[in-house]
Amino acid sequence: MAANMYRVGDYVYFENSSSNPYLIRRIEELNKTANGNVEAKVVCLFRRRDISGNLNTLADSNAREFEEESNQPSLTEQQKHQLKHRELFLSRQFESLPATHIRGKCNVTLLNETDVLAGYLDKEDCFFYSLVFDPVQKTLLADQGEIRVGSKYQAEIPDMLAEDESDTRVQEKLETKVWDPDNQLKDPQIDQFLVVARAVGTFARALDCSSSIRQPSLHMSAAAASRDITLFHAMDTLQKNNYDLAKAMSTLVPQGGPVLCRDEMEEWSASEAMLFEEALEKYGKDFNDIRQDFLPWKSLASVVQFYYMWKTTDRYIQQKRLKAAEADSKLKQVYIPTYTKPNPNQIMVPGSKPGMNGAAGFQKGLSCESCHTAQSPQWYAWGPPNMQCRLCASCWIYWKKYGGLKTPTQLEGAARAGSESGPRAHMTRQEVQGMSPFTRNEGRAKLLAKNRQTFILQTTKLTRVARRVCEDILQPRRAARRPYAPINANAVKAECMYDPPAQSHKDPFKEQLKASRGPPTPINRNQASQPRVAQSLLGKRGFDSAAGGAFPANGRPYTSGMRTTSQSVIKRQKVSQGEAPNPVVFVATKDTRALRKHLTQSEMRRAARKPHLLVRIKLPPPPPRSVPLLPSSTSETIVLED
């Protein structure tokens, strides 16, 4: 019965899925709901399979550094593989889970350099952690609560001196004397001096304006003056004045006024104290996070000193009583009976007929994916149903508790890589059969023969242009929502065919490209009523008649290899570049490049985004021709002779 009794602070297994591994959580509270059920407020701990690949690499480097510093014994590859299943990552994430989902207890400890990693493998339900995982920031940090145990944290004790040997060390460099018990003063004299120091401290607070606001009454000022900071200052004053009471009195009250000594309890305001209490409730005694998130203007030493002074106040005692009363009203422990319901992943219950309990259609002769045994009293389906992978009873328990397989196989590595995109992902059955080195039966070879060929959907330039030109026929949004609906390719090709206008002179090259264009075939009943966006892929005017008018900005098409609408559409399964259909290529001429210089940058972008629209260019007027001037009279040639 003690094994089924769970208390606050226990590390337990929670089951949220029949096929996924257990969740490891630490119970913080046990609350009873209105309907009588018990919910557990728990702290989340994460496995390696729950974090990304980059963080796994960071955890591997941290593990290597730990092994080098602690001089761990060498481990086999299988031990290293199983040791990763024992590593957890602490977090500050809380959640509430039904207590009925608890499936057992486990032990989680903070790793220190005195531990032997191989010892965790010898213990059942034993885990360790050394890093803290932040699920929001996706970071791994070292735990601040590290237990400083090891050789580097121990003091170096020198050898013991002999009887006649003297200590040659300089004591002033090793330590500072702050009090001499063998002084000339008696205890009543020291007590009288301490009373005078408290009186001076009370008088100094009366003179200080800020102190009079914080301690408006004489009793509060006297209580503040009686704190340890005043007594430490008085005793330090005696030590500095060689226990001369007259000199010490004059030091307490110099010419400028009495000395005022304050501690952290007086320096902090009421609002800062409330922030500290709020941070302490959230983070506990993690003073680094308290300072970083709540009190960044305070030093770490100031936060620590205030905490220990705050514990001596009535405020701390009051909060402690409230928490104790609240804890008394909550559950201390809860009894959860052993879970005996059959797992839905069981392939066949011992003693039942084959094909029962999810075993229908399961192939015979498959071995365990982890230990590769062929005999087990109970088998469990592992992975999606189409994979038909299974685990034996021992490996299934290992999978549920530790979140992995016993042996390092390629199958588990690929499954872990796929799990980064979701809670759990697996490869296809064909990929699993191809990677698993333990293929034994003939049924797997038959599965390998299926669906060996893959296909690639490769978009050509002509297809991308057709999506813009034939937008009314294709309807990209509708086709994206219904990818299974066929698209009338003949109508698209008929729309993209080049149809030059009738001209006086006929181009034999263009005459070969003419094809009869029938009405477009609609892909739905609303197609016929939709307006036409563009009549053709190119414009209908050549460059020779485009001066000052509309012409296509993309140039003249090179259409060798273009298929007409009368040809049948053949589905190509081969995707080699040499056997791919020839796309439409637009070859820019000299006139096209010259006319592009008259377009602005915005007009060029607009023409590139909408190649089916005509571009209108206003050419500048030609410059006037310069004619050489000749004299009116006939020019004469003068020959000079020597």
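Since the model is a prediction, treat every value here as computed from it, not as a measurement.

Novice: How do you make sense of the overall build of the chain when you look at a structure like this?
Specialist: When helices and strands are tallied, the chain shows 25 helices and 16 strands. Counting all 642 residues of the chain, 33% fall into the buried class.

Novice: Just checking my understanding: could you explain the layout of surface pockets for this structure?
Specialist: Rolled over the atoms, a probe as big as a water molecule pinpoints where empty space is left. Estimated volume of the second largest pocket: approximately 1,700 Å³. Lining the second largest pocket are 41 residues, with Glu28, Leu280, Glu281, Tyr283 and Gly284 positioned closest to its centre. Looking at the lining of the second largest pocket, the elements with two or more residues in it are strand 3 (23-32), strand 4 (38-46), strand 5 (87-98), strand 7 (126-134), helix 11 (270-283), helix 12 (287-293), helix 13 (300-310) and helix 14 (314-329). Ranked by residues supplied to the lining of the second largest pocket, first place goes to helix 14 with seven residues. Looking at the lining of the second largest pocket residue by residue, the class counts come to 18 nonpolar, six polar and 17 charged. A domain-level breakdown of the lining of the second largest pocket finds at least three residues from each of domain 1 (5-142) and domain 3 (268-328).

Novice: Even after reading the chapter, I still don't get empty space enclosed by the protein, so can you show me in this structure?
Specialist: Inspection of every chain in the model, using the stated rule, returns six cavities of 30 Å³ or more. Here the largest cavity defines a volume of roughly 60 Å³. Every element with two or more residues in the lining of the largest cavity is listed here: helix 5 (187-207) and helix 8 (228-240). A per-element tally of the lining of the largest cavity places helix 5 first, with three residues.

Novice: Before we go on, may I ask you to explain the packing of aromatic side chains in this structure?
Specialist: Each aromatic ring pair is described using two quantities: the centre-to-centre distance and the angle formed by the ring planes. Tallied over the entire structure, the rule returns 19 aromatic pairs. The interplanar angle of 75° and the centroid separation of 5.1 Å between the aromatic rings of Phe46 and Phe133 together place this pair among those described as edge-to-face. Placement of Phe46 in strand 4 and of Phe133 in strand 7 is noted, with a sequence separation of 87 residues between them. On the numbers, 6.1 Å between centres and 75° between planes, the contact of Tyr283 with Phe294 is edge-to-face. One end of the pair, Tyr283, is in helix 11; the other, Phe294, is in the loop between helix 12 and helix 13, with 11 residues separating them in the sequence. Using a relative accessible area of 19% as the deciding quantity, one classes Tyr283 as buried. Through a chain of ring-to-ring contacts, three or more aromatic side chains come together here, namely Trp268, Phe276, Phe287, Phe306, Tyr307, Tyr308, Trp310 and Tyr316. Directly above the ring of Phe94 sits Lys41, whose terminal nitrogen or CZ lies 5.1 Å from the centroid. The residue whose ring lies beneath Arg103 is Tyr339, and the NZ or CZ to ring-centre distance is 3.7 Å.

Novice: Looking at this structure, how should I read the state of the cysteines?
Specialist: In protein structure, a disulfide is the covalent linkage between the sulfur atoms of two cysteines. All chains considered together, the criterion is met by zero disulfides. No disulfide involves Cys392; its nearest neighbouring cysteine sulfur is the one of Cys395, lying 3.4 Å away.

Novice: Any chance you could explain the packing of helix 11 against helix 13 here in plain terms?
Specialist: Think of two packed helices as two axes; the pair is described by the angle between the axes and how far apart they sit. As a packed pair, helix 11 and helix 13 sit with axes 12 Å apart at the nearest point and diverge in direction by 90°. Relative to helix 13, the element helix 11 lies roughly perpendicular. Where helix 11 abuts helix 13, its residues Ala273, Phe276, Glu277 and Leu280 lie against Val303, Phe306, Tyr307 and Trp310. In the contact of helix 11 with helix 13, the residues fall into seven nonpolar, no polar and one charged.

Novice: Can you walk me through a positive patch on the surface in this structure?
Specialist: Together, Arg605, Arg606, Arg609 and Lys610 make up a positively charged patch on the protein surface. Within the element layout of this structure, Lys610 appears in the loop between helix 25 (601-609) and strand 16 (615-616). Overall, Lys610 belongs to the partly exposed group, its relative accessible area being 44%.

Novice: Hey, could you run me through the pattern of salt bridges in this one?
Specialist: A pair can form between side chains of opposite charge whenever their charged atoms are brought close. On inspection of all chains with the given rule, the structure shows 18 salt bridges. One salt bridge in this structure joins Asp125 and Lys401, with 3.1 Å as the shortest N-O distance. Placement of the pair is Asp125 in the loop between helix 3 (118-122) and strand 7 and Lys401 in helix 15 (residues 393-402), with a sequence separation of 276 residues. In this structure, Asp125 and Lys401 share a single accessibility class: buried. A salt bridge links Arg205 to Glu266; the shortest N-O distance between them is 2.6 Å. Residue Arg205 is found in helix 5, and its partner Glu266 is found in helix 10 (residues 264-267); the two are separated by 61 residues along the sequence. Accessibility classification places Arg205 together with Glu266 in one group, the buried group.

Novice: Explanation requested: the confidence of the model for the chain in the structure shown.
Specialist: Averaged over every residue, the pLDDT of the chain is 74; the share at 70 or more is 70%. Low confidence marks residues 413-452, where pLDDT is under 50. Its contacts with residues over four positions away, or in another chain, come to 62 contacts. Below pLDDT 50 for its whole length, residues 629-642 participates in zero contacts with residues either more than four positions away or in separate chains.

Novice: How should the nonpolar core be read in this particular structure?
Specialist: Nonpolar side chains tend toward joint burial in soluble globular proteins. Grouped together as the largest cluster of nonpolar side chains are 15 residues, with contacts concentrated most on Ile24, Leu88, Cys106, Val108 and Phe127. Those residues within four positions of Leu88 in sequence are excluded, and the remaining contacts are Ile24, Leu45, Phe46, Arg47, Val108, Phe127, Phe128, Tyr129, Ser130 and Leu131. In this structure, Trp268, Tyr283, Leu295 and Val303 belong to the second largest nonpolar core, which totals 14 residues.

Criteria and thresholds
Residues numbered from 1 in each chain as written. Predicted model: local features only at pLDDT ≥ 70, side-chain atom pairs only at ≥ 80, totals over all residues. Heavy atoms only, no water. Helix = DSSP H or I, 4+ residues; strand = E, 2+ residues; numbered from the N terminus. Buried < 20%, exposed > 50% of the residue type's maximum accessible area, 1.4 Å probe, protein only. 1 Å grid on protein atoms, 1.4 Å probe; cavity = no way out; pocket = protein on both sides within 12 Å on 5 of 7 lines; lining within 4 Å. Points joined across faces, edges and corners; volume = space filled by probe spheres on them. Nonpolar A, V, L, I, M, F, W, Y, C, P; charged D, E, K, R; others polar. Domains from an automatic or database assignment. Phe/Tyr/Trp six-rings, centres within 6.5 Å; stacked < 30°, edge-to-face > 60°. Lys NZ or Arg CZ within 6 Å of the ring centre and 35° of its normal. Disulfide = S-S within 2.5 Å. Axes fitted to C-alpha atoms, helices over the stretch in contact; angles between N-to-C directions. Parallel < 35°, antiparallel > 145°, perpendicular 65-115°, else oblique. Contact = heavy atoms within 4.5 Å. Patch = residues over 30% accessible without salt bridge, like charges linked within 9 Å, V, L, I, M, F, W, Y side chains within 5 Å. Areas by Shrake-Rupley, 256 points an atom, 1.4 Å probe, with all protein chains shown as cover. Salt bridge = Lys/Arg side-chain N within 4 Å of Asp/Glu carboxyl O. Lys, Arg positive; Asp, Glu negative; His and termini not counted. Charge placed at Lys NZ, Arg CZ, Asp CG, Glu CD. pLDDT = per-residue confidence, 0-100. Core = buried A, V, L, I, M, F, W, Y, C linked by side-chain atoms within 4.5 Å.

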